[in-house]
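# Close look at the chain arrangement
Here is what each chain is made of, one letter per residue.
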Protein chains: 2
Amino acid sequence: MLRSNTCGELRLSDAGKEVILCGWIQKSRDLGGMTFIDLRDRYGLTQLAFNMDTNADLCSTARKLGREFVLQVSGLVKERENKNANLSTGDIEIEVTKIQVLNEASTPPFTIEENTDGGDELRMKYRYLDLRRSNVRANLQLRHQVARYTRTFLDNQDFIEVETPVLIKSTPEGARDFVVPSRMNQGEFYALPQSPQTFKQLLMVSGFDRYYQIVKCFRDEDLRADRQPEFTQIDCEMSFVEQEDVLKMFEALVKYLFKEVKGIDIDSLPRMTYADAMKFYGSDKPDTRFDMRFVELNDLTKGKNFKVFDDAELVVGICAKGCAEYTRKQLDELTDFVKRPQVGASGLVYARVNADGTIKSSVDKFFDEAALKTWAEAMKAEPGDLILILAGKADKTRKALNELRLEMGTRLGLRDKNKFSCLWVIDFPLLEFIEEEGRFFAMHHPFTSPKPEDIAIVDEMLQLQAENKLSEDCISPRANAYDMVINGVEVGGGSVRIFNKDLQKKMFTLLGFSDEEAQKQFGFLMNAFEFGAPPHAGIAFGFDRLCSLFGGADSIRDFIAFPKNNSGRDVMIDAPSEIALKQLDELGISTKK
Amino acid sequence: MLRSNTCGELRLSDAGKEVILCGWIQKSRDLGGMTFIDLRDRYGLTQLAFNMDTNADLCSTARKLGREFVLQVSGLVKERENKNANLSTGDIEIEVTKIQVLNEASTPPFTIEENTDGGDELRMKYRYLDLRRSNVRANLQLRHQVARYTRTFLDNQDFIEVETPVLIKSTPEGARDFVVPSRMNQGEFYALPQSPQTFKQLLMVSGFDRYYQIVKCFRDEDLRADRQPEFTQIDCEMSFVEQEDVLKMFEALVKYLFKEVKGIDIDSLPRMTYADAMKFYGSDKPDTRFDMRFVELNDLTKGKNFKVFDDAELVVGICAKGCAEYTRKQLDELTDFVKRPQVGASGLVYARVNADGTIKSSVDKFFDEAALKTWAEAMKAEPGDLILILAGKADKTRKALNELRLEMGTRLGLRDKNKFSCLWVIDFPLLEFIEEEGRFFAMHHPFTSPKPEDIAIVDEMLQLQAENKLSEDCISPRANAYDMVINGVEVGGGSVRIFNKDLQKKMFTLLGFSDEEAQKQFGFLMNAFEFGAPPHAGIAFGFDRLCSLFGGADSIRDFIAFPKNNSGRDVMIDAPSEIALKQLDELGISTKK
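The structure displayed is predicted, hence computed values, not measured ones. (Residues numbered from 1 in each chain as written. Chains lettered and ligands numbered in written order. Predicted model: local features only at pLDDT ≥ 70, side-chain atom pairs only at ≥ 80, totals over all residues. Heavy atoms only, no water.)

## Observations concerning the interface of chain B and chain A
A common way to state how big an interface is: give the accessible area lost once the parts meet. With 125 residues of chain B in contact, the opposing surface of chain A contributes 125 residues. Buried area between chain B and chain A, summed over both chains or domains, comes out near 11,100 Å², and the portion from carbon and sulfur atoms is 58%. Interface area lost by chain B to chain A is led by B:Glu163, B:Phe240 and B:Phe531, which between them contribute 8%. Scanning the region where chain B abuts chain A turns up 18 salt bridges. The salt bridge involving B:Asp155 is made with A:Arg148; its shortest N-O contact spans 3.4 Å. With nine residues, helix 4 (residues 134-156) of chain B is the largest single contributor of residues to the side of chain B that touches chain A. Its residues assigned to classes, the side of chain B that touches chain A comprises 61 nonpolar, 27 polar and 37 charged. Strand direction decides the pairing type here: strand 23 (residues 589-591) of chain A and strand 23 (residues 589-591) of chain B, joined by three bridges, are antiparallel. Counterpart to A:Ile589 in the pairing with strand 23 of chain B is B:Thr591. (Contact = heavy atoms within 4.5 Å. Buried area = accessible area lost by both parts, 1.4 Å probe. Salt bridge = Lys/Arg side-chain N within 4 Å of Asp/Glu carboxyl O. Helix = DSSP H or I, 4+ residues; strand = E, 2+ residues; numbered from the N terminus. Nonpolar A, V, L, I, M, F, W, Y, C, P; charged D, E, K, R; others polar. Pairing = 2+ DSSP bridges.)

Structure below.
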């Protein structure tokens, strides 16, 4: 070992000890007679002291050392005169007797401080320096802890971690695959897994009973903000269970993680149906850190000659507590907000419930005080509150009001990153109609089981399909599918799986697969179902997202050691990059460029 | 839960309980009055009993159920009349009151027994059935345990598990990369990592201090037996350490794993230099479960007019204890063995040390009894032993004698799979000359540090290179590189790394990289070294191999859930496979086929 101690462990009780430390120069201060250097390693900072009076040579040497130089120093632990209560080692300093410069350092392109001025691109290019910042390293240490406690919990529940293959088969269903040309089987390609879904189901067929894996997955999608082409899942599957068992098991996991990692007790994970989530929050991942539920007002607004409301499929509002005093400017901001193309509303109606109980709305022309009172009652609005109403096509209006609700939550400081509200959203629709494709797609994936009481609907839809009458107006059967939502973020999702080969075939038919296509792509799974598949169900958590949530951050990027940018590039190593013609030839492929 | 208990947990003390079990039918026996079914799950087997006299309907139903049907049964735990001491549940059976067939099963293509008749290809195609066999599942459970204890050990030693990226940059040095065409950056490719080597070094530059990862790696090589295109490593790196620290840390890991997973105490991990390993075993991964060291006989065989020996660069033998009685046929077998092209010797000389102390050799014509006695002495051969000698070019002869030694070890039963002999092989050469390429290559990788006392040799070689005089006769400097060898298998290897940018540049030059090439491929690492790189060193273990060793198996395949065959195919899912033209177009590539 090049050191006797780390830079984070020496205390006053160590005073008098001869020690050797290694680390980087965080900062140095030349005070004339004395020079102080803060030496940094992963474990902390320790102050090194050099005295011009007692050791001029060494002190002169120390003065010449720059930031980020790597040192090995020997010296004596001494009590500090000016203690630093903010530092775990703040009671002591090292009276250095010997310095060895292990490596020099050029001046870094940005300073290694918690709040650096680097700018994103520069930080990404010099990620190895960015990772020296204690807050970024703390994020990755948190990630390690979340993984570690996840494994502890699942190991204790008899789950077996099984590694599934990375080089698998491409399937056109779902997102776009990354593919890997095969040299030994020219003209053929492996695909990188978007999830180990089929493999974990096969493990259930194999009798593994309880499986998990913390595993890299891949999606070749155009990257929206905060998406990564490679991401990590906590992937789990159980046999001989019903939905209730899965919900209980993973509720317990999440509670355990909050307790162990954050020291927070989560007392309950309420459940909300997808239908309710859409009705009351306009989202399948409601942020339940605050209430502000949607209240539908169609009945109360009808027939007053306000055409916008009368023509609307849905009139729906929220009550913003204590916002009656919003200025004209603030209300205009909100109107602009809802009219942004990403939100998509055509306008905003508001009503202030004044301190004296009178109500003043932007549509006074159509609605008298009595009418407005009925709104306020329905919305449980009290004096001082502001009612905000949107109207239009139901889906679009709900989506827009969801955005407005979140915006108001943010404005009102109701979305505290250190407060956590978890819930299950259940009873998702099995299918959704994708207009551009003109057909139904699996909302979760094609292996998701309909709710037993809705299987009849599957048969009806198949009948309609056979008669060529299947349309987007058909209401999907509900699925035994569930999402875990924390603070408005979908952190996990899963379903009870189909384990009956006939039902699985029906699903493929309904999704527009010919028998041949289904066999070609998922034949191995359907064949496996011939040999005794057990009832099974599972879930997958987005691990990067879960970690960023635990870390109280919006972006997942700083919870990934070496993330890619929005063009899918690693700007540090400069990947992807061109490869040699010889490599292409060996693979039997050519590029068009 | 569909069950109250598993098939492995009921005991005599549970007699009288009403239980519900789920599982697969392992076997059923119809004894006329009684029918018995063994119900199997991951946890064990439980006997179900059906009585024709007391419940004829249920018994008739039970008789019709085939192997591998999935059942849910309710019933009463009862003491068995004929107990089965080989089964943990062998004292009880379930008097079944209700059967629910959860799923039917076609007859499997092979029986689900420990020793099945499937044949490799069939087992691979139906891997999900193969995985039902308790011994295959036990292998994967063992794998889980090895991973778990590895993490426990390293976590306790302050290592942080950090996930490094899978989509990285292709580098021509080393084995062939798998590549992934980029859709967003057409004409460019990611590569899948052969190891996280450069990333873990960057993490050291970042101050992570102690890193590990159990991680998938990829190599597009022609698959020799028991190689997989994707494999798993335990990858580790430490800062501010010397070789000794790494050896001690990972000695402790391996001892811990043997203790926790196998209950075996490994008392010491001896160290052997590469030079000694080659001299005494003809291999850099000697199987030290048995001795049978090489003894060089050049001095004792010279000048007796036996041209084969006189002309040989090396005459070297082993002493096979107690084999003096080998028959002519056995000796011919050994001669045939060494003459096989894979072994490559031109012939075998033997000498029997008879019970009476006389020695009889195959070269009596040239060597009298006195001469033969000197051999026997040198080799510490005793009456009853057989001396086996090969001669020729040194390297080739050592390699051949290594094969013969292992063959003799096997024949003599000295390679017991339940006995473990671990050692470190150290002081590997830094470079090796590859004849076909006409240049030196890094034996470990280009980031390996020469031994400090051999750095002068690096400079000399650079000088020779500059003068165009570098030849294969140059003796490589030794490296601070080490392998862990267990039972003749290299399970891990690593090195102290170069952390000085000038030395790293020299190494690239010596390996034939132009400055430009080095910068293009490893610029990010060399740039990182500009900003204060700490001394660091690391190791990587072949996880699949380590598990198979712990499991006492020769093949890694049954320690991988879904392995690929020797053509790199997954015959179960049929991958790789052709992909849609649309996919190729989006990627901007075309196949030549």
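## Let's talk about the side chain of B:Asn5
Residues and elements named next belong to chain B. Position of Asn-5 relative to the elements: it lies in the segment before strand 1 (18-30). For Asn-5, a relative accessible area of 16% gives the class buried. In terms of polar contacts, Asn-5 uses its side chain to reach the side chain of Glu-9, at 3.3 Å. (Buried < 20%, exposed > 50% of the residue type's maximum accessible area, 1.4 Å probe, protein only. Polar contact = N/O pair within 3.5 Å; in protein donor to acceptor, adjacent residues only side chain to side chain.)

## Section: unusual backbone geometry
Omega for the peptide link from A:Ala575 to A:Pro576 comes to 0°, which places this bond in the cis form. In this fold, A:Pro576 is placed in the loop between helix 16 (543-550) and helix 17 (581-587). With a phi angle near 55°, A:Asp427 is a residue other than glycine that sits in the positive phi range. Tracing the chain through its elements places A:Asp427 in the loop between strand 17 (422-426) and strand 18 (431-434). Although it is not a glycine, B:Asp209 sits at a positive phi angle of roughly 70°. By the secondary structure assignment, B:Asp209 is in the loop between helix 5 (197-205) and strand 9 (210-218).

## What about the packing of helix 4 (residues 134-156) of chain A against helix 6 (residues 243-262) of chain A?
The description of two packed helices rests on the angle between their axes and on the distance between the axes. Residues and elements named next belong to chain A. Running from N to C, helix 4 and helix 6 cross one another at 135°; their axes reach a closest spacing of 10 Å. Considering their axes alone, helix 4 and helix 6 lie oblique with respect to each other. Between helix 4 and helix 6 lies a crossing whose hand is right-handed. Along its contact with helix 4, which presents Leu-142, Gln-145, Val-146, Tyr-149, Thr-150, Thr-152, Phe-153 and Leu-154, the element helix 6 presents Met-249, Phe-250, Ala-252, Leu-253, Tyr-256, Leu-257, Glu-260 and Val-261. In terms of residue class, the contact of helix 4 with helix 6 is built from twelve nonpolar, three polar and one charged. (Axes fitted to C-alpha atoms, helices over the stretch in contact; angles between N-to-C directions. Parallel < 35°, antiparallel > 145°, perpendicular 65-115°, else oblique. Left-handed = near helix turned anticlockwise from the far one by under 90°.)

## Quick word on the sheet that holds strand 13 (residues 314-320) of chain B
Residues and elements named next belong to chain B. Taken in spatial order, the five strands make up an open sheet running 12-13-16-14-15, and their pairing is antiparallel. The outermost strands of the open sheet, each flanked by one partner alone, are strand 12 (295-296) and strand 15 (359-361). Across two bridges, strand 12 lies against strand 13 in antiparallel orientation. Opposite Val-295, over in strand 13, you have Gly-317 as the bridge partner. Here helix 12 (residues 394-411) sits on the sheet in contact with strand 12, strand 13 and strand 16 (386-392), set at roughly 10° to strand 13.

## Focus on the relation of the copies chain B and chain A
The transform that puts chain B on chain A rotates by 180° and translates by 0.0 Å along the axis, for an RMSD of 0.1 Å. When the rotation and shift are considered jointly, the pair of chain copies conforms to a two-fold rotation axis. Of the interface residues in chain B, 100% have counterparts in chain A that sit at the interface too, so the contact is made through matching surfaces. (Least-squares fit on C-alpha atoms with pLDDT ≥ 70 in both.)

## Considering the packing of helix 5 (residues 197-205) of chain A against helix 15 (residues 515-528) of chain A
Residue and element names in this part refer to chain A. Between helix 5 and helix 15, the shortest axis-to-axis distance is 10 Å and the interhelical angle comes to 20°. One way to sum up the angle between helix 5 and helix 15 is to call them roughly parallel. For the pair helix 5 and helix 15, the sense of crossing is left-handed. Facing helix 5, whose interface residues are Thr-198, Gln-201, Leu-202 and Val-205, helix 15 presents Phe-522, Phe-524, Leu-525 and Ala-528.

## Description of the pairing of strand 13 of chain B
All names here are of chain B. In terms of burial, strand 13 is largely enclosed, as seven of its seven residues are buried. Side chains Leu-314, Val-316, Ile-318 and Ala-320 of strand 13 all project onto a buried face; the interleaved residues Val-315, Gly-317 and Cys-319 project onto the opposite face, where all are buried too. Pairing geometry for strand 13 and strand 16, over seven bridges, is antiparallel. Considered in strand 16, the bridge of Cys-319 is made with Ile-387.

## A look at the domain arrangement of chain A
Here chain A is described as being made up of domain 1 (12-103), domain 2 (290-415) and domain 3 (429-478 + 500-533). Computed from C-alpha atoms alone, the centre-to-centre distance between domain 1 of chain A and domain 3 of chain A is 68 Å. (Domains from an automatic or database assignment.)

## Considering helix 1 (residues 56-63) of chain B
Note on helix geometry: an α-helix contains 3.6 residues per turn, so any two residues three or four positions apart are oriented the same way. For helix 1 of chain B, the complete set of buried residues consists of B:Leu58, B:Cys59 and B:Ala62. What you see down the axis of helix 1 of chain B is that its buried residues fit within an arc of 100°, all on one side. (Arc of directions from axis to C-beta.)

## Quick notes on the pattern of salt bridges
Tallying each qualifying case throughout the model produces 113 salt bridges over all chains. The salt bridge involving A:Arg411 is made with A:Glu407; its shortest N-O contact spans 2.8 Å. Here A:Arg411 and its partner A:Glu407 are both found in helix 12 (residues 394-411), four residues apart, which amounts to about one turn of the helix. In this structure, B:Lys321 and B:Asp385 form a salt bridge, with 2.6 Å as the shortest nitrogen-oxygen distance. Placement of B:Lys321 in the loop between strand 13 and helix 10 (328-339) and of B:Asp385 in the loop between helix 11 (369-378) and strand 16 is noted, with a sequence separation of 64 residues between them. Take B:Asp385: its relative accessible area is 3%, and that puts it in the buried class.

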